[in-house]
Amino acid sequence: MTSYKKNPYVICKSCQNELDKVKERENIENNNFNLLSNPRRVFQFNYPVKMDDGRIEVISGFRVQFNDALGPTKGGIRFHETVDLSEVTQLAFLMSLKTSLVRLPYGGAKGGVRINPKELSEGELERVTRGYMRELHKYIGVDVDIPAPDVNTNPKVMGWMLDEYEKLVGFKAPGIVTGKPLKLGGSKGRDVATSLGAFYIIEEKYKDVKDKSEIKVAIQGFGNAGSHLAKELQDLGFTIVAISDSSSGLYSREGLEVDHFIGYKQSRKHFSDYEEKNGIKKITNKELLELECDILIPAALGGEITSENANNIKAKTIVEVANGPITVEADQTLEDKGIEVIPDILANAGGVIVSYFEWVQNRQYLYWSEDEVKVELKDYILKAYKKVKYHVEDTNTTLRSASYSIAINRILEAETLRGN
Ligand code: NAD
């Protein structure tokens, strides 16, 4: 097997490992599997951007359209200084499984731009975004590949992407990106969709627990997904004992007042600057992951739970809101320890589900209320969750393996029907 570090066009070890397990369990032919180990199309470009001080910077951008058997490819674009083709390929593979698992008429893709957006002025960020779209626009389309936000990209960035695309092609195409501002055709509920999807799963899982305050939750990452999920869970009665940003974690045995910290982050302050008081203590991100709690929610970056710390994890359940937060070795350790993992392709699928609703609304020029969005989202995510649970009961496997099996089989059926 080719190492993905040597060859960025193949999927990473943990994805390949899951693929191999499904292949063995379900007795699937090698030929079919090769279709899933390699991306269909890969774009990499280096383009010039004029900075505020007159310098020209050459920026690297990536887009991987991994598999399109089930429909146009769909996936976010992240802005981060460590983005590379290996990472984007792996995330595009996971998107293909995610869209398949929750039964959307989509394939999977992912994009990235290697920059640190915190070091750029707003004007520079806009020029980076528009430049990326100029490079990519010939290879995407409303029925081809539809980008969306991811780490460090937001509705404003999507608005620039939409505008640049429409200028380049010369017609209106609101469905070319999702996660847009509402006034440009965004969907109600998109901003909270990822967290709501995870929330509906957690709500379902703990529906028989009468006193929800007994359930202690630790959340790594207090950005869009992590902060909204913390709020939803607290409103339902769960106790949020820890939260973190990239600078520090905060812990309180009695529970943290989520609204207060949402306000704190809105004032652009770091948790490392928070003054310890009222039983709230600063902890490191490492300590947060290893806390005694019922639910641990990694909602920051990938690769946070590794063979180094997996043995120290004490949570009963991990809900992967981030993409790929657990390495393959760690995953095995957690399984051996009996820790349940609700995998990323299920737990964070709410975002792509509501992106799909946004695209549907854009195509019809007919817009839904927030309640309609929430009702449909709940229906899609819980159908997928229940299907995965039944598969686990039938085959005595993990939630991750069951999710992979269901998703892969649906893609392979589509490939077979296409005669591939
Ligand atoms: P975000 O940029 O809004 O927030 C990320 C948060 O993680 C911030 O609080 C940041 O300070 C923190 N963080 C960054 N590095 C960290 C580190 N090393 N340790 C601890 N905290 C760190 O991003 P988001 O939109 O909330 O996404 C979070 C995760 O969820 C990502 O992995 C993303 O791929 C995944 N996800 C998001 C969506 C979505 O719709 N937002 C959808 C699917 C998956």
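The structure under discussion appears in the preceding block.
Residues numbered from 1 in each chain as written. Predicted model: local features only at pLDDT ≥ 70, side-chain atom pairs only at ≥ 80, totals over all residues. Heavy atoms only, no water.

Engineer: Explain the site of the ligand residue by residue, including any values.
Structural biologist: Taken together, 22 residues are adjacent to the ligand, and Thr194, Asn224, Ala225, Ala300 and Asn323 come closest. A distance of 2.6 Å is found between an oxygen atom of the ligand and a side-chain nitrogen or oxygen belonging to threonine 194. The backbone of alanine 225 places a nitrogen or oxygen atom 2.8 Å from an oxygen atom of the ligand. Grouping the constituent residues of the shell around the ligand by class yields eight nonpolar, 10 polar and four charged. (Near = heavy atom within 4 Å. Polar contact = N/O pair within 3.5 Å; in protein donor to acceptor, adjacent residues only side chain to side chain. Nonpolar A, V, L, I, M, F, W, Y, C, P; charged D, E, K, R; others polar.)

Engineer: Would you mind going over the environment of leucine 399 in detail, with residue names and values included?
Structural biologist: Secondary-structure assignment places leucine 399 in helix 14 (residues 399–417). The class of leucine 399 is buried, set by a relative accessible area of 9%. For the pair leucine 399 and isoleucine 342, spaced 57 residues apart in sequence, the C-alpha separation works out to 6.2 Å. If near-sequence neighbours (up to four positions away) are discounted, leucine 399 is found in contact with Glu340, Val341, Ile342, Pro343, Val388, Lys389 and Val392. (Helix = DSSP H or I, 4+ residues; strand = E, 2+ residues; numbered from the N terminus. Buried < 20%, exposed > 50% of the residue type's maximum accessible area, 1.4 Å probe, protein only. Contact = heavy atoms within 4.5 Å.)

Engineer: Break down the pattern of salt bridges for me, with residues and values.
Structural biologist: Considering all chains together, one arrives at 29 salt bridges under this definition. When the shortest N-O distance is used, the salt bridge between arginine 55 and glutamate 57 registers 2.5 Å. The shortest N-O distance in the salt bridge between aspartate 245 and lysine 265 comes to 2.5 Å. Within this pair, whereas aspartate 245 is found in the loop between strand 7 (239–244) and strand 8 (249–251), its partner lysine 265 is found in helix 8 (residues 258–266), the two being separated by 20 residues in sequence. (Salt bridge = Lys/Arg side-chain N within 4 Å of Asp/Glu carboxyl O.)

Engineer: Mind laying out helix 13 (residues 370–395), listing which residues take part and the relevant values?
Structural biologist: Taking 1.5 Å of rise per residue, 26 residues should cover 38 Å, and helix 13 covers 37 Å from first to last C-alpha, within 8% of that figure. Buried within helix 13 are the following residues: Val373, Leu377, Ile381, Leu382, Ala384, Tyr385, Val388 and His391. (Expected span 1.5 Å × (residues − 1).)

Engineer: Break down the side chain of serine 403 for me, citing the residues and quoting the values.
Structural biologist: Looking at the element boundaries, serine 403 is found in helix 14. Filtering out sequence-adjacent residues up to four positions away, serine 403 remains in contact with Leu101, Pro343, Ile345, Leu346 and Val388.

Fair warning: the whole summary comes from geometry, so function is off the table for now.
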